[in-house]
Amino acid sequence: MISVSKPRTPAILQRNGAKWLSELQAAKKNLDAIQANPKATPQEIAKTKKKHDDAINKYRHKNIKSELETIFNGKCAYCESKVTTTGYGHIEHFFPKGDPQYLHLTFDWQNLLLSCEICNNAQHKGTNFPLDSSGNPLLINPSDGVTEINKHLKFSWDQVDGAKIEGRDDRGKKVVEIFDLNSTSGTRKELFKHRKKIVKDMLCVLTFSQTIADPHHKSEAIQLLTEYCQPTAEYSAFALVYILPYLAHHFRIPEAIILLKQVSQRSPAYGEWARVDALP
């Protein structure tokens, strides 16, 4: 999981968001009324429910999906896998659209994320939305602009356990639990296997870059390491820990220095750990 910056609300939601919400609220009111009416026929209930479902599903507009795919670089907001790896991706509501108390956020741009089908299924996020004792979400929205992900999650590697994501606190632990990010079995087995390969490859390239003498091959290795750090790359959260600081401090790669400073602006805790103040 990495922080993602969202631009302004897309035009389709600016034009239609308020109208769609009003229509949804009316449809929900009608559905509640007919479901509470003992004289309502199954046909009437089914018809009213369809109108409600049609109203709520307007968030699935292709322009909204396309915008989210661009913003999240085609990666799941939670596990950082390319959504095409597990299917075609979902428009995910951070605050669940199925919970009546969050109905007003159904078309709220800040509440919409791109998720892979596994992270968003009933066995993982689905309608699971744990809160702390103060009623605040325990899960992390990587596009909220305020949460420092590295304060809550630790991205680590070793030869035995592979690439693991561990919780540093209650929020981080709940993220790992809900999304089952370290499972080596079931529906998450392929995620763990694929993530392990990617991170192992990037660390092998890092070792190669430190030992190779040929300038051309060293340059190619550094370029590949730089690509691993980009937000478009799968599991770039690991590269931000293991690769980016080395590129910035040891090799003094201008692109890496700029990127490290950008990440540090979003996460001062990361910047302090990565010694951003020591960079030119």
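Residues numbered from 1 in each chain as written. Predicted model: local features only at pLDDT ≥ 70, side-chain atom pairs only at ≥ 80, totals over all residues. Heavy atoms only, no water.

(A) Highlighting the environment of Ser 219. As for its position among the elements, Ser 219 is in helix α8 (residues 215-229). Taking C-alpha positions, Ser 219 is 8.2 Å from Ser 209, a pair spaced 10 residues apart along the chain. (Helix = DSSP H or I, 4+ residues; strand = E, 2+ residues; numbered from the N terminus.)

(B) Quick look at the packing of aromatic side chains. Evaluated as defined, the whole model comprises 10 aromatic pairs. Here the aromatic rings of Tyr 102 and Phe 129 are separated by 5.7 Å at their centres, their planes lie at 80 degrees, and the arrangement is edge-to-face. You can see Tyr 102 sitting in the loop between β1 (90-93) and β2 (112-115) and its partner Phe 129 sitting in the loop between β2 and α5 (149-152), a full 27 residues away along the chain. With centroids separated by 5.8 Å and ring planes inclined at 45 degrees, the aromatic side chains of Tyr 270 and Trp 273 adopt a geometry described as tilted. Of the two residues, Tyr 270 and Trp 273 are both situated in helix α12 (residues 268-273); the distance of three residues between them amounts to about one turn of the helix. We classify Tyr 270 as buried; its relative accessible area is 2%. Seen from the ring of Trp 109, Lys 6 lies directly overhead, with NZ or CZ sitting 4.7 Å from the centre. (Phe/Tyr/Trp six-rings, centres within 6.5 Å; stacked < 30°, edge-to-face > 60°. Buried < 20%, exposed > 50% of the residue type's maximum accessible area, 1.4 Å probe, protein only. Lys NZ or Arg CZ within 6 Å of the ring centre and 35° of its normal.)

(C) Layout of unusual backbone geometry. Phi is positive for Asp 180, which is not a glycine, with a value near 50 degrees. Here Asp 180 lies in the loop between α6 (170-179) and α7 (189-211). Positive phi is not limited to glycine here, since Arg 252 has a value of about 55 degrees. Residue placement: Arg 252 occurs in the loop between α10 (244-249) and α11 (254-266). What makes Arg 252 partly exposed here is its relative accessible area of 40%.

(D) Quick peek at the nonpolar core. With 81 residues, the main nonpolar core has Ile 64, Met 202, Ile 243 and Leu 247 as its most contacted residues. For this core, the element with the highest residue contribution is α7, accounting for seven residues. (Core = buried A, V, L, I, M, F, W, Y, C linked by side-chain atoms within 4.5 Å.)

(E) View of empty space enclosed by the protein. Counted by the stated rule, this structure contains one cavity of 30 Å³ or more. Taken as a whole, the largest cavity encloses approximately 120 Å³ of empty space. Contributing to the lining of the largest cavity are Met 1, Ile 2, Ser 3, Ile 149, Asn 150, Phe 155, Ala 237, Leu 240, Val 263, Arg 266 and Ser 267. Looking at the lining of the largest cavity, the elements with two or more residues in it are α5, α9 (236-242) and α11. Here the lining of the largest cavity is composed, by residue class, of seven nonpolar, three polar and one charged. (1 Å grid on protein atoms, 1.4 Å probe; cavity = no way out; pocket = protein on both sides within 12 Å on 5 of 7 lines; lining within 4 Å. Points joined across faces, edges and corners; volume = space filled by probe spheres on them. Nonpolar A, V, L, I, M, F, W, Y, C, P; charged D, E, K, R; others polar.)

(F) Local environment of α8. Here α8 contains 15 residues, and its C-alpha end-to-end distance of 21 Å stays within 8% of the 21 Å for a straight helix at 1.5 Å per residue. Looking at the buried positions of α8, the neighbouring elements they touch are α7, α9, α10 and α11. (Expected span 1.5 Å × (residues − 1). Contact = heavy atoms within 4.5 Å.)

(G) Examining the packing of α7 against α8 more closely. The contact between α7 and α8 brings their axes to 9 Å, and the two run at 145 degrees. Relative to α8, the crossing made by α7 is left-handed. When α7 is examined against α8, the residues Ile 198, Asp 201, Met 202, Val 205, Leu 206, Phe 208 and Ser 209 are found in contact with a partner set consisting of His 217, Lys 218, Ala 221, Leu 224, Leu 225 and Tyr 228. Here the residues of the contact of α7 with α8 sort into nine nonpolar, two polar and two charged. (Axes fitted to C-alpha atoms, helices over the stretch in contact; angles between N-to-C directions. Left-handed = near helix turned anticlockwise from the far one by under 90°.)

(H) Just the pattern of salt bridges, in detail. Taken as a whole and assessed by the stated rule, the structure comprises 10 salt bridges. As a salt-bridge pair, Lys 50 and Asp 54 come within 2.9 Å of each other at their nearest N and O atoms. With Lys 50 and Asp 54 both in helix α2 (residues 42-56) and four residues apart, this pair spans about one turn of that helix. Residue class for Lys 50 comes out exposed when judged on its relative accessible area of 52%. Taking relative accessible area as the criterion, Asp 54 reaches 39% and is therefore assigned partly exposed. (Salt bridge = Lys/Arg side-chain N within 4 Å of Asp/Glu carboxyl O.)

(I) Spotlight on the environment of Asp 169. Along the chain, the position of Asp 169 falls in the loop between β4 (162-167) and α6. A residue is classified by how much of its surface remains accessible, and Asp 169, at 25% relative accessible area, is partly exposed. Put simply, Asp 169 and Pro 100 are 69 residues apart on the chain and 29 Å apart in space, counted from C-alpha to C-alpha. Not counting chain neighbours up to four residues away, the residues in contact with Asp 169 comprise Lys 151 and His 152. Within polar-contact distance, the side chain of Asp 169 engages the side chain of His 152 at 2.6 Å. (Polar contact = N/O pair within 3.5 Å; in protein donor to acceptor, adjacent residues only side chain to side chain.)

(J) Just the pairing of β2, in detail. With burial as the criterion, each face of β2 is covered, one bearing Leu 112 and Leu 114 and the other bearing Leu 113 and Ser 115. In this structure, β1 lies alongside β2, joined through four bridges in antiparallel fashion. Each bridged residue has a counterpart across the sheet, and for Ile 91 the counterpart in β2 is Leu 114. (Pairing = 2+ DSSP bridges.)

That is the geometry; function is a separate question.
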